[in-house]
Amino acid sequence: MSIDEVQTDTVGRALDDARARYADRRPRSAAQARAAARVLPAGSTRSVLDFAPFPFRVARASGAELVDVDGHRYLDLLGDYTAGLLGHDPPEVADAVRSVLDRGWSLGAVADGEHRLAELLCGRFPSIEQIRFTNSGTEANLMAINLARHLTGRSRVMVCDGAYHGGLLYFGTTGGPLQAPFDYVRVRYNDLDSVAEALAEHGDDVACLLVEPMMGAGGCLAGNPDFLAGLRRLCTDHGVLLIFDEVMTSRMSTGGAQLRLGITPDLTTLGKYLGGGMTFGAFGGSTEAMGAFDPARGGGLTHGGTFNNNSMTMTAGVAAVEQILTAEALDRLFADGETLRARIAPVLATAGMSTTGWGSLMGIHPVPGPVSGPADLIGADPRRVELLFHELLEREIYFAPRGFIALSLAVTPADHEHLVDSLTDAVETLLQRGALTS
Ligand code: PMP
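This section reports on the structure supplied with the text. (Residues numbered from 1 in each chain as written. Predicted model: local features only at pLDDT ≥ 70, side-chain atom pairs only at ≥ 80, totals over all residues. Heavy atoms only, no water.)

Here we come to the overall build of the chain. Counting its secondary structure elements, the chain contains 13 helices and 16 strands. A compact globule built from 438 residues would reach a C-alpha radius of gyration of about 22 Å, and the chain, at 22 Å, matches this within 12%. When its C-alpha atoms are laid out on the principal axes, the chain stretches across 70 × 55 × 45 Å. Per-residue burial over the chain gives 53% buried out of 438 residues. (Helix = DSSP H or I, 4+ residues; strand = E, 2+ residues; numbered from the N terminus. Rg over C-alpha atoms; globule rule 2.2 N^0.38 Å. Buried < 20%, exposed > 50% of the residue type's maximum accessible area, 1.4 Å probe, protein only.)

This is the structure:
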């Protein structure tokens, strides 16, 4: 057996032990998971929430805390994969939702909430003069792609290897069978030459380039500003519409990553927290481009969606944007995230691991780094990160098993200290046990 294989076995054994300890301490979650699996494939209805041996079941949540059905409390650093930016029970949103309960919902008619939320978001994002709401980020991206195809009269869609733009728009190594059946041209993130070459070859057929300013699910890999500015230039040169998927990165400022970067895409898609934590998605662009949905301006596109203007989301979104998501709050969150990431980086380095990210979003990687694109993670052993995940769960801290942290506004400076101390302790423990090596 090679030294590498011996080490792999050590990681595997340590993970088996960690999963067994986890299961022993959560008999109620285990029973609920078994029962749920009879009616829900894998016992849940959102694949990303599943992890071995079974995900704990939440009994209640408040601020940045989750409490499971076995009574374990967790500092929630997953923040619902960014949708939980506001924390679990912001009073401003609760009041707004209560006002909907008093006034009625499922209107099947137009109300003022959608107009007010549209005004607020159009006032924030430089690329968005007009906007339409959807029920999810996936749907927003599908709509934006089809809008681009309609406007350009071209059919192909350019995306980056490793990108995730929704359940039907995943460009990693798995998930292919459910991909929306567009004709894709794939390029490499943070590699402008790969984009220039692909556009030189296929540019006349490409309707849009769909890209995140920071690859979120791809591992929190920030776009190099030169790369993103280069994309803007190349898209203009080739008549390709640049779509920024800001479903995750919109939190980087009041005007998202685009405002922070000073780069204005043609279309932008939004999602997650901007509906106050209710189901949400949106896509927008110039008044001219969005005129495609306005029959009065000759637009021929219809945009369906029973819940596009659902009262809960519209009202909760207005409360969140007006009362919570101020420039000060978002700038502070961004700065706090940068500071925290700088603090955890040296801790991870002692175990041959690294972190990437931007502002309040960060990824933990099982390699020493630097990691600038998905290719840098090929061959890495994700179980090293899962081990750390379990060690931190034992210290009452929850983030994504794949090593993803999304800070919420409810996370406090004391929570940061708790993370740094717990991470240090966890890494030392795993090094001592020989489960991780430096
Ligand atoms: N785009 C990005 C960048 C995302 O991270 C996600 C969800 N994680 C989506 C789109 C899809 O959003 P939703 O889950 O609301 O469909």
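So, on to the site of the ligand. Near the ligand, the surroundings consist of S136, G137, T138, N141, Y164, H165, G166, E212, D245, V247, M248 and K272. Between the ligand and G137, the relevant distance is 2.8 Å, taken from an oxygen atom to a main-chain nitrogen or oxygen of the residue. One of the side-chain N or O atoms of K272 is found 2.8 Å from a nitrogen atom in the ligand. Out of a free accessible area of 390 Å², the ligand has 84% covered by protein chains. Among the elements that take part in the shell around the ligand, helix 5 (residues 137–152) stands out by supplying three residues, more than any other. Here the shell around the ligand is composed, by residue class, of three nonpolar, six polar and three charged. (Near = heavy atom within 4 Å. Polar contact = N/O pair within 3.5 Å; in protein donor to acceptor, adjacent residues only side chain to side chain. Areas by Shrake-Rupley, 256 points an atom, 1.4 Å probe, with all protein chains shown as cover. Nonpolar A, V, L, I, M, F, W, Y, C, P; charged D, E, K, R; others polar.)

As a further point, take the pattern of salt bridges. The final tally for this structure, using the stated rule, is 21 salt bridges. One salt bridge in this structure joins R19 and E386, with 2.8 Å as the shortest N-O distance. Placement of R19 in helix 1 (residues 3–24) and of E386 in helix 12 (residues 383–394) is noted, with a sequence separation of 367 residues between them. The exposure class of R19 is partly exposed, given its relative accessible area of 23%. E386 sits in the buried class, given a relative accessible area of 13%. The shortest N-O distance in the salt bridge between E391 and R395 comes to 2.8 Å. Overall, the relative accessible area of 2% leaves E391 in the buried class. (Salt bridge = Lys/Arg side-chain N within 4 Å of Asp/Glu carboxyl O.)

In space, the seven strands of this open sheet follow the order 4-12-11-10-7-5-6, with mixed pairing throughout. Sheet topology places strand 4 (130–134) and strand 6 (184–187) at the edges, where each strand pairs with a single neighbour. Across the sheet, the mean angle from the axis of one strand to that of its neighbour is 20°, orientation sign disregarded. Relative to strand 10 (residues 241–245), strand 7 (residues 206–211) is paired through four bridges, and the arrangement is parallel. (Pairing = 2+ DSSP bridges. Axes fitted to C-alpha atoms, helices over the stretch in contact; angles between N-to-C directions.)

The full count for this structure, using the stated rule, is 15 aromatic pairs. Here F56 and Y398 contribute two aromatic rings whose centre-to-centre distance is 5.0 Å and whose plane-to-plane angle is 70°, an arrangement assigned as edge-to-face. One end of the pair, F56, is in the loop between helix 2 (27–36) and strand 1 (58–62); the other, Y398, is in strand 15 (residues 397–398), with 342 residues separating them in the sequence. With a relative accessible area of 9%, F56 lands in the buried category. According to the relative accessible area criterion, Y398 is buried, its value standing at 10%. Relative to Y184, the ring of F171 lies with its centre 4.8 Å away and its plane at 65°, an arrangement referred to as edge-to-face. With F171 in the loop between strand 5 (156–160) and strand 6 and Y184 in strand 6, this pair connects stretches of sequence that are 13 residues apart. (Phe/Tyr/Trp six-rings, centres within 6.5 Å; stacked < 30°, edge-to-face > 60°.)

Examined bridge by bridge, strand 1 and strand 2 (residues 65–68) share four bridges and lie antiparallel to one another. Residue pairing for strand 2: S62 is matched across the bridge by E65. What sits between the antiparallel neighbours strand 1 and strand 2 is a turn of two residues, in which G63 has the positive phi angle 55°. Sheet topology places strand 2 next to strand 3 (residues 73–76); three bridges connect them, and they run antiparallel. When the sheet's bridge partners are listed, V67 is paired in strand 3 with R73. Between strand 2 and strand 3, which pair antiparallel one after the other, the connecting turn spans four residues, and G71 there sits at a positive phi close to 90°.

A52 connects to P53 through a cis peptide bond whose omega is 0°. As for its position among the elements, P53 is in the loop between helix 2 and strand 1. A cis amide bond links G369 to the next residue, P370, at an omega of 0°. Of note, P370 is situated in the loop between strand 14 (361–365) and helix 12. Its identity is not glycine, yet D80 carries a phi of approximately 45°, on the positive side. Given the relative accessible area of 33%, D80 is considered partly exposed.

Once that is clear, we can look at helix 10 (residues 311–324). Taking 1.5 Å as the rise per residue, helix 10 with 14 residues should run 20 Å; its terminal C-alpha atoms sit 19 Å apart, in good agreement. For helix 10, the tally of buried residues reaches twelve of 14 residues, placing the bulk of the element in the interior. Among the residues making up helix 10, those that are buried are S311, M312, T313, M314, T315, A316, G317, V318, A319, A320, V321 and I324. (Expected span 1.5 Å × (residues − 1).)

What follows deals with helix 4 (residues 112–122). Burial in helix 4 covers these residues: G113, L117, A118 and L121. Looking down the long axis of helix 4, one finds its buried residues gathered within 130° of arc, a one-sided arrangement. Looking at the buried side of helix 4, the elements it contacts are strand 4, strand 11 (267–271) and helix 10. (Arc of directions from axis to C-beta. Contact = heavy atoms within 4.5 Å.)

By secondary structure assignment, the location of T268 is in strand 11. T268 sits in the buried class, given a relative accessible area of 0%. Engagement of the side chain of T268 in a polar contact is seen with the side chain of Q258, the distance being 3.0 Å. Beyond its immediate stretch of four places on either side in the chain, T268 contacts S127, I128, F244, E246, Q258, A282, F283 and G284.

Okay, the side chain of T313 next. Locating T313 in the fold gives a position in helix 10. Setting aside residues no more than four positions away along its own chain, T313 makes contact with L117, G275, M278, T279 and F280.

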